[in-house]
Amino acid sequence: MTSDAPTTPASHRPTAEQLAWQRAGFGMFCHFGVNTFHDKEWSDGTLPAAGFAPTDLDARQWARTAVDAGMKYVVLTAKHHDGFCLWPTDTTDYSVRSSPWRSGRGDVVEELALACQDAGLGLGLYLSPWDRNARCYDDPAAYDDFYARQLTELCTRYGPLFEVWFDGAGSEGRVYDWNRIMGVVQEHQPGAMVFNMGRPTIRWVGNEDGLAADPCTYVVDATRGDTDGGDRTWLAGGRYLPPECDVAIRRHWFWQSDDLDTLKSLEHLLAIYYRSVGLGAGLLLNVPPDRRGLLDDHDRVRLEELGQELRRRFESGHAGSCAAESGGEVVRVRFDGPTTFDHLVLAEDLAEGQHVSGHEVVVDGVVVASGGTVGVRRIHAFAPVSAERIEIRLRGVGARLARVTAHHTGRSEAPSLEEQPAFRTDKIDSVDSVEEPAH
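The shown structure was predicted, so the numbers you read here are calculated from the model rather than taken from an experiment. (Residues numbered from 1 in each chain as written. Predicted model: local features only at pLDDT ≥ 70, side-chain atom pairs only at ≥ 80, totals over all residues. Heavy atoms only, no water.)

## Some remarks on the packing of helix α2 (residues 59-68) against helix α7 (residues 297-314)
Stated precisely, the cut-off is as follows: To define axes, lines are fitted to C-alpha atoms, for helices over the stretch in contact only, and angles between the resulting N-to-C directions are given on a 0 to 180 degree scale. Only DSSP runs of H or I reaching four residues or more are called helices, and only runs of E reaching two or more are called strands; each is numbered from the N terminus. Between 65 and 115 degrees an angle is taken as roughly perpendicular, under 35 as roughly parallel, over 145 as roughly antiparallel, and anywhere else as oblique. Whether two residues are in contact is decided by their heavy atoms: any pair within 4.5 Å suffices. Polar here means any residue other than Ala, Val, Leu, Ile, Met, Phe, Trp, Tyr, Cys and Pro, which are nonpolar, and Asp, Glu, Lys and Arg, which are charged; Gly is therefore polar.
At a minimum axis distance of 8 Å, the contact between α2 and α7 shows a crossing angle of 30°. On the basis of the axis angle, α2 is roughly parallel to α7. Each of Q61, T65 and D68 in α2 lies in contact with α7, whose residues at this interface are R300, L303, E304, G307 and R311. Its residues assigned to classes, the contact of α2 with α7 shows one nonpolar, three polar and four charged.

## So, helix α5 (residues 178-188)
The criterion, for reference: Throughout this description, buried means an accessible area under 20% of the type-specific maximum (1.4 Å probe, protein chains only), exposed means over 50%, and partly exposed covers the range between. Directions are taken from the helix axis to each C-beta atom, and the arc is the one they span.
If you check which residues of α5 are buried, you get W178, I181, M182, V184 and V185. Taken end-on, α5 shows its buried residues confined to a sector of 145°, consistent with a single buried face. For α5, the exposed residues set more than 90 degrees away from the buried face come down to N179, Q186 and E187. Buried residues in α5 make contact with α4 (140-157) and β5 (193-195).

## Comments concerning the environment of R311
This is how it is decided: Residues adjacent in sequence count toward polar contacts only when both atoms are side-chain atoms; beyond that, a polar contact is any pair of N or O atoms within 3.5 Å, and within protein one must be able to donate a hydrogen and the other to accept it.
Structurally, R311 is set in helix α7. Taking C-alpha positions, R311 is 21 Å from L295, a pair spaced 16 residues apart along the chain. In this view, R311 contacts D68, A69 and S316; residues no more than four positions away in its chain are not counted. In terms of polar contacts, R311 uses its side chain to reach the backbone carbonyl oxygen of D68, at 2.4 Å.

## A word on the sheet that holds strand β2 (residues 73-79)
What counts here: For two strands to be treated as a pair, DSSP must find at least two bridges joining them.
Taken in spatial order, the eight strands line up as β5-β4-β3-β2-β1-β10-β9-β6 in an open sheet, and their pairing is parallel. Among the strands making up the open sheet, the edge pair consists of β5 and β6 (203-204). Pairing geometry for strand β1 (residues 26-30) and β2, over four bridges, is parallel. Bridging across to β2, G27 finds its partner in Y73.

## Regarding the side chain of D167
For clarity, the threshold we go by: When charges are counted, Lys and Arg are positive and Asp and Glu negative, with His and the chain ends excluded. Take a side-chain nitrogen of Lys or Arg and a carboxyl oxygen of Asp or Glu: if they are within 4 Å of each other, that pair is a salt bridge.
Among the structural elements, D167 can be located in the loop between β4 (163-165) and α5. Lacking a salt bridge, the buried D167 has K79 as its closest oppositely charged neighbour, with an N-O distance of 12 Å. A distance of 2.8 Å separates the side chain of D167 from the side chain of Y126, its partner in a polar contact. Polar side-chain contacts of D167 include one of 2.9 Å to the backbone nitrogen of A169.

## Things to note about the packing of aromatic side chains
This is how the line gets drawn: Side-chain rings of Phe, Tyr and Trp, where Trp is taken by its six-membered ring, are said to pair if the distance between their centres is within 6.5 Å; with planes under 30 degrees apart they count as stacked, over 60 as edge-to-face, and otherwise as tilted.
Throughout the structure, instances matching the rule amount to 25 aromatic pairs. Between F52 and W101, the ring centres sit 6.0 Å apart and the planes meet at 90°, which makes this aromatic pair edge-to-face. Here F52, found in the loop between β1 and α2, pairs with W101, found in the loop between β2 and α3 (108-119); they are 49 residues apart in sequence, far enough to count as distant. Residues F52 and W101 agree in their burial class; the two are buried.

## Some words on the layout of surface pockets
What counts here: Note on definitions: the grid is 1 Å and covers protein atoms alone; a cavity is a set of points where a 1.4 Å probe fits but cannot get out; a pocket is an open set with protein on both sides within 12 Å along at least five of seven lines; lining residues have an atom within 4 Å of a point. Grid points are joined across faces, edges and corners, and a volume is the space filled by probe spheres set on the points.
Considering only enclosed or pocket space, the largest pocket measures out at about 620 Å³ in volume. Those elements giving two or more residues to the lining of the largest pocket turn out to be α1 (16-24), α7, β13 (330-348) and β17 (401-407). The biggest single contributor to the lining of the largest pocket is α7, with four residues. What the second largest pocket holds in volume is close to 420 Å³. Lining the second largest pocket are 22 residues, with T15, Q186, R199, P200 and T201 positioned closest to its centre. The set of elements that each furnish at least two residues to the lining of the second largest pocket consists of α1, α5, β5 and β8 (239-240). In terms of residue count, α5 provides more of the lining of the second largest pocket than any other element does, three residues in total. Grouping the amino acids of the lining of the second largest pocket by side-chain chemistry returns 11 nonpolar, seven polar and four charged.

## Details of the pattern of salt bridges
Under the defined criterion, the tally for this structure stands at 31 salt bridges. Notably, a salt bridge pairs R250 with D299, separated by 2.9 Å at the nearest N-O pair. Linking R250 in the loop between β9 (243-248) and α6 (266-275) with D299 in helix α7, this pair joins segments that are 49 residues apart in sequence. Taken as a pair, R250 and D299 share a single burial class, namely buried. Between R424 and D258 there is a salt bridge, with its nearest N and O atoms 2.8 Å apart. Taken together, the residues span a long stretch of sequence, with R424 in the segment after β17 and D258 in the loop between β9 and α6 at a distance of 166 residues. Ionic contacts of the salt-bridge type, sharing partners, join the residues D290, R292, D297, R300 and E304 into one network.

## Things to note about the packing of α4 against α5
Helix-helix packing is characterised by the crossing angle of the two axes and by the distance between the axes. Quick note on the threshold: The sense of a crossing depends on the near helix, which, turned anticlockwise from the far helix by less than a right angle, makes the crossing left-handed and, turned clockwise, makes it right-handed.
Two elements in contact, α4 and α5, have axes separated by 10 Å at closest approach and are oriented at 15°. Between α4 and α5, the angle is such that the two are roughly parallel. As for how α4 packs across α5, the hand of that crossing is right-handed. Of α5, the residues touching α4 (which contributes D144, D145, Y147, A148, L151, T152, C155 and T156) are R180, I181, V184, V185 and H188. Of the residues that constitute the contact of α4 with α5, the class distribution is seven nonpolar, three polar and three charged.

## A look at the environment of V397
One can find V397 in the loop between β16 (378-395) and β17. Residue V397 is classed as exposed on the basis of its relative accessible area, which comes to 69%. Each C-alpha atom of the pair V397 and H355 lies 6.4 Å from the other, and the pair is 42 residues apart in sequence.

## Describing the pairing of β16
Bridge count between β13 and β16: 12 bridges; the pairing is antiparallel. Residue pairing across strands places T339 opposite A387, the latter belonging to β16. Where strand β14 (residues 358-363) meets β16, five bridges bridge the pair, whose relative direction is antiparallel. Note on β16: the bridge partner recorded for V362 is E391.

This is how it looks when you write it as structure tokens:
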């Protein structure tokens, strides 16, 4: 069904691991730590370790909820900016080892790693470069040693990692030894996706609303949020770096006792999904554990509603057989008999890189949907039509489709975004020039 693709530079083609990450598409972010117990988003590293005291922590509940929602991986804040570590690190006393939880013998990272393994989920770990507790932070060389030791512990104790998450917040003007840091990842977790800093393999979409845009391009020569002072010359000529969209299910990232009113509606979460996963990006939705160490009942129910609705819309569908004509610019799609549908999900063949720059969906000579890129998946909604054959017109040299699937959802429009409440800056321990923090 395809035409011959042009020769594509290796740097413009995805690795097998990148493609696996893109196909996963949807993950859960879990912000959890000492902040959870003090209604804080960013704390300054002085909250007592003894304050970390979940009463009923059950990482398997987190994993079950993620699976029910259709998520494929979980990313945990193993260390946030306050420096509190959710594993018994050998680098600092500011960790679960100094808390009353599990009598100081607990390990949140280990419990989540086992839960993810049992549930078939990928495990991602977030390790903040900025550390407001570490005494050595003001000595760059000493802190690089400290940080590399922490990262080595995380990369060697918990099995394969799906993603390593480096957050640039708070690191403005700071230069870390990224060659050394990337060396740790490459040695111990070469298959893990690296988020946005150092030498990333995936990048930040550029906002914290969970929204990508069309075109959603995978080959870029710059990334947003570069606060690490790292060398970006390796991006010259472009690199294949698909975007991840991060957003919180409430307005804040850590669980807060007083922001239930900011819980996003099902309609808004669906709109985010269409504007991230549905535009060919990845979606990382933050659902933070509460002070019990469980996902909040309200958040969990909303997430289950989201999973149920996504399954209702997209779990079953009618796959079309595809044949390319006119050098690949036209794809004739045939279904197994007359089919009524109001959604199409397109997928590009990305083995040789991203090539579709524009496309139209034509039914009985009428354009019912159009857009720019297709990427790993593209969701289109439109008024219901009935057809046995349709046509997809592609722009882009070497553009090829891998799949076309029709769905009858009962909805003829994409969900609508809703206005969201303001972030509460009183939940941040003072930091110069910060109005609203990232994560």
